[in-house]
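# Coordinate analysis (summary)
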Amino acid sequence: MTAHERAGAVGLILARPPRLLSAEPFFMEFIAGIEERLADHDMWVMLHLVSTLDEEIAAYRRWVRRRVVDAVAVVNPTADDPRPALLRDLGLPFVVAGALAGADLPAVSADHAAPVREAVDRLRALGHRRIARVSGPEPLLHTRARTEALISTCADTGLPAPAILTGDYSHEEGERLTTALLSAPEPPTAILYDNDVMAVGGLAAARALGVDVPSGVSLVAWDDSTRCRLSSPTLTAMSVDVHRYGTAVAEAALEAAEGRPITERWSPAARFTPRGSTGPAPESI
């Protein structure tokens, strides 16, 4: 498109069950950050919700035919992700949100290893040795990066290999998987979750089993939210400035839409925010 033919929109497709989207504040804050920066350029976000990758790919093809977006932001990159190659073939400018360092892609990159190491260091300082993880879907690159970081950090620091269970970001899975972990012969003394919703489910599971938080088990959510601050006890979280992340993605998408080189940008690093759900390990009290 020439400048006067531009659609004035950046596309964002979320392949996610609506029930999970409505429960998680992450994407709402992320979209708000994108909208804020695009508004400065008299542009807007075209948001489309789908259930499957095939539906997402079909939507990109429609958008190209109809010329309704100038660029797209690709979220939740996966192993062997077909979307970048497809978008290049379609000639649709794009930026990948959350690509791992070293990816040969127009992207806003994210470091998941350093925050995981920080979380483990904080928990080790509280005397924790048996650390478990309730992860998001395994194909997601950030899931794999966090899992690999936890395994390697535990190995490097002499901790036992962590128990790792895979969930779907829902409250129900957080509750179910936490129940399984706490019912094991040697239950973990600390559990890391891949989002706030599963961590709240973990609180419910611990309460149902009569395991006190934090004296019986410490819980840490990834992504902070009002839900974390209002839970009882309040949830320790790996806090990310999601709004600023959204503005960085918008800036990269604007460069892509204008055919300019994509400036190297990084997602704000997650930081350990201690609250009431973490405390000394039971054996160290």
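Rules of the game
For every chain, the first residue of the written sequence is number 1, and numbering continues from 1 along that sequence. Whole-chain, interface and lining totals are the exception, using all residues; otherwise, since this is a predicted model, local features are given only for residues with pLDDT of at least 70 and side-chain atom pairs are given and counted only at 80 or more. Values shown for side chains rest on all heavy atoms present in the structure; no hydrogens or waters enter the calculation. Throughout this description, the term salt bridge denotes a Lys or Arg side-chain nitrogen within 4 Å of a carboxyl oxygen of Asp or Glu. Each residue is placed in one exposure class: buried if its accessible area under a 1.4 Å probe, protein chains only, is under 20% of its type's maximum, exposed if it is over 50%, and partly exposed if it falls in between. Note on conventions: DSSP H or I runs of at least 4 residues are helices, E runs of at least 2 residues are strands, and numbering of each starts at the N terminus. Between the N-to-C directions of two axes lies an angle of 0 to 180 degrees, each axis being a line fitted to C-alpha atoms and, for a helix, fitted only over the stretch in contact. In this scheme, roughly parallel covers angles under 35 degrees and roughly antiparallel covers those over 145, while 65 to 115 is roughly perpendicular and the rest are oblique. Left-handed describes a crossing whose near helix is turned anticlockwise from the far helix through less than a right angle; right-handed describes the clockwise counterpart. Residue contacts follow a heavy-atom distance rule, with two residues in contact if any of their heavy atoms lie within 4.5 Å. Basically, the charged four are Asp, Glu, Lys and Arg, the nonpolar ten are Ala, Val, Leu, Ile, Met, Phe, Trp, Tyr, Cys and Pro, and anything else, Gly included, counts as polar. The criterion for an aromatic pair is that two Phe, Tyr or Trp rings (for Trp, the six-membered ring) have centres within 6.5 Å, with stacked assigned to planes under 30 degrees apart, edge-to-face to planes over 60 apart and tilted to the rest. The pairing criterion is simple: DSSP has to find at least two bridges between the two strands. Here a helix's expected span is defined as the number of its residues, less one, multiplied by 1.5 Å. This arc is built from the directions going out from the helix axis to the C-beta atoms. Remark: nonpolar core denotes a set of buried residues (Ala, Val, Leu, Ile, Met, Phe, Trp, Tyr, Cys) joined through side-chain atoms within 4.5 Å.

### Here's the deal with the pattern of salt bridges
- Tallying each qualifying case throughout the model produces 17 salt bridges.
- With a closest N to O distance of 3.1 Å, R144 and E138 form a salt bridge.
- Residue class for R144 comes out partly exposed when judged on its relative accessible area of 31%.
- Note that R227 and D196 form a salt bridge whose closest N and O atoms lie 3.1 Å from each other. Of this pair, R227 sits in helix α9 (residues 226-230) while D196 is found in helix α8 (residues 196-209), placing the two residues 31 residues apart along the sequence.
- With a relative accessible area of 31%, R227 lands in the partly exposed category.
- When its relative accessible area of 2% is taken as the criterion, D196 is described as buried.
- The structure contains a network of salt bridges with shared partners spanning R37, D40, E251, E255 and R265.

### Points about the packing of helix α5 (residues 113-125) against helix α6 (residues 141-156)
- Where α5 contacts α6, the axes come no closer than 9 Å and their chain directions differ by 45 degrees. One finds that α5 runs oblique with respect to α6. For the pair α5 and α6, the sense of crossing is right-handed. Along its contact with α5, which presents A113, V116, R117 and V120, the element α6 presents R146, A149, L150 and T153.
- Looking at side-chain class alone, the contact of α5 with α6 contains five nonpolar, one polar and two charged residues.

### Some thoughts on the packing of aromatic side chains
- As enumerated under the stated definition, the model contains five aromatic pairs in all.
- Aromatic side chains F26 and F27 sit 5.2 Å apart centroid to centroid with 90 degrees between the ring planes, which places their arrangement in the edge-to-face category. In this structure, F26 and F27 share a single accessibility class: buried.
- When the centroid spacing of 6.1 Å and the interplanar angle of 75 degrees are considered together, the rings of Y60 and W63 count as edge-to-face. Pair noted here: Y60 and W63 are both in helix α3 (residues 53-66), with a separation of three residues, about one helical turn.
- A relative accessible area of 1% places Y60 in the buried class.

### Observations regarding the environment of L177
- Structurally, L177 can be placed in helix α7 (residues 171-182).
- Taking the C-alpha atoms as reference points, L177 and I57, separated by 120 residues in sequence, lie 32 Å from one another.
- When residues no more than four places from it in sequence are discounted, the contact partners of L177 are V134, L165, T166 and G167.

### Some details on the pairing of strand β6 (residues 131-135)
- The buried fraction of β6 is high, at five of five residues.
- Of the two faces of β6, the one lined by I131, R133 and S135 and the one lined by A132 and V134 are each fully buried.
- The pairing of β6 with strand β7 (residues 164-166) spans three bridges and is classified as parallel. When the sheet's bridge partners are listed, R133 is paired in β7 with I164.

### Some points on α3
- The end-to-end C-alpha distance of α3, which contains 14 residues, comes to 20 Å, matching closely the 20 Å that a straight helix rising 1.5 Å per residue would cover.
- Along α3, the residues that are buried comprise E56, I57, A59, Y60 and W63. Buried residues of α3 fall within an arc of 155 degrees about the axis and therefore sit on the same side. Opposite the buried face of α3, at more than 90 degrees from it, the exposed residues are D54, R65 and R66.
- Elements in contact with the buried residues of α3: β1 (9-15), β2 (44-50), β3 (71-74) and α4 (83-90).
- Once α3 finishes, R67 follows within two positions and takes phi at roughly 55 degrees, a positive value.

### Overview of the sheet that holds β1
- An order of β2-β1-β3-β4-β5-β11 is seen for the six strands of this open sheet, with the pairing classed as parallel. Sheet topology places β2 and β11 (265-266) at the edges, where each strand pairs with a single neighbour.
- Running over the sheet, helix α10 (residues 242-257) touches β1, β3, β4 (94-99), β5 (107-109) and β11 and is turned about 150 degrees from β4.

### Points about the environment of G201
- Here G201 is to be found in helix α8.
- Sequence separation of G201 and V134 is 67 residues, and the distance between their C-alpha atoms is 11 Å.

### Focus on the nonpolar core
- Core analysis: the biggest nonpolar cluster contains 41 residues, and L12, F30, I34, L38, I131 and V249 have the highest contact counts within it.
- Looking at this core, the elements with two or more residues in it are β1, α2 (26-39), β4, α5, α6, β8 (190-193), β9 (218-222) and α10.
- Residue contributions to this core peak at eight residues, all from α10.
- Beyond its immediate sequence surroundings of up to four residues, I34 is in contact with L12, V45, G246, T247, V249 and A250.
- Residues L181, Y193, V213 and V217 belong to the second largest nonpolar core, which totals 21 residues.

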